[in-house]
Amino acid sequence: MIPKANDAVSANHTKTGNYQENDTSPEPLLRANIQRFVRGVLGCSCPEAVFQTIHIDYNPRALVGTQRGYTITIGSKLLVLVIMTTNCPVTVNELGNILERGRQARDRERLNRFRLVVATPEPQLARSKLESRFEARGMQDNRIHLHIVSPDQLPVGKRYAG
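In this report, the structure presented in the accompanying data block is examined. (Residues numbered from 1 in each chain as written. Predicted model: local features only at pLDDT ≥ 70, side-chain atom pairs only at ≥ 80, totals over all residues. Heavy atoms only, no water.)

Quick word on the overall build of the protein chain
Helix and strand counts for the protein chain come out as five helices and six strands. Secondary structure elements of the protein chain occur, N-terminal to C-terminal, as α-β-α-β-α-β-β-α-β-α-β. In the protein chain, which comprises 162 residues, the proportion classed as buried is 48%. Counted over contacts in the protein chain with a minimum sequence separation of 6, partners at least 24 positions apart contribute 64%. Of the accessible surface of the protein chain, which amounts to about 8,200 Å², a share of 48% is contributed by carbon and sulfur atoms. (Helix = DSSP H or I, 4+ residues; strand = E, 2+ residues; numbered from the N terminus. Buried < 20%, exposed > 50% of the residue type's maximum accessible area, 1.4 Å probe, protein only. Contact = heavy atoms within 4.5 Å. Areas by Shrake-Rupley, 256 points an atom, 1.4 Å probe, with all protein chains shown as cover.)

Comments concerning the pairing of strand β5 (residues 113-119)
For β5, the buried fraction is high: six of the seven residues fall into the buried class. Relative to β5, strand β4 (residues 78-84) runs parallel, the two being bridged by seven bridges. By the bridge assignment for β5, Leu 79 is matched with Phe 114. Two strands pair when backbone bridges link them, and β5 and strand β6 (residues 144-149) are joined in this way by six bridges, in the parallel orientation. Bridge pairing links Val 118 to Ile 148 in β6. (Pairing = 2+ DSSP bridges.)

Examining the pattern of salt bridges
All chains considered together, the criterion is met by eight salt bridges. Where Arg 103 meets Glu 100, a salt bridge forms, and the shortest distance between an N and an O atom there is 2.4 Å. Placement of the pair is Arg 103 and Glu 100 together in helix α4 (residues 88-108), with a separation of three residues, close to one helical turn. With relative accessibility at 23%, the residue Arg 103 sits in the partly exposed group. Owing to a relative accessible area of 22%, Glu 100 belongs among the partly exposed residues under this scheme. Asp 107 serves as the salt-bridge partner of Arg 103, at 2.9 Å between the closest nitrogen and oxygen. Of this pair, Arg 103 and Asp 107 both sit in helix α4, four residues apart, which is roughly one turn of that helix. (Salt bridge = Lys/Arg side-chain N within 4 Å of Asp/Glu carboxyl O.)

Purely spatial values, then, with no claim about function.
So, in structure tokens, the structure goes:
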């Protein structure tokens, strides 16, 4: 099941899950979860001010292709694409296209970084396959990062799309 706006944010949010610090909706927990994920799990050292504006798109079809996932855009700095999968071979085969679409979106939106996050129940198994494909792709772009995590590390949408 693809995460819906009411899975992690209140009904006061738009369909794409917009969240801004000055919203009247009570969502500091969502903001804190995203900030903890980006800083702790992904290792990003974005300053506090970057987290004042957070946008979640639960239906980024142009980026994910046949995969299921969502994007989190943080400030005017960071694009995080989260793909949830139980089928690592499919993800490995689509990795190049997903990375290219993410790079294009990052550049189009004039963001600093693109982080692709693959959430899978077997991150260790997926890590070797995906990282070797990522390195073989030969992208000379130090503003693109690949992260393989378990679903319980995600800030929102811990269930798999099915």
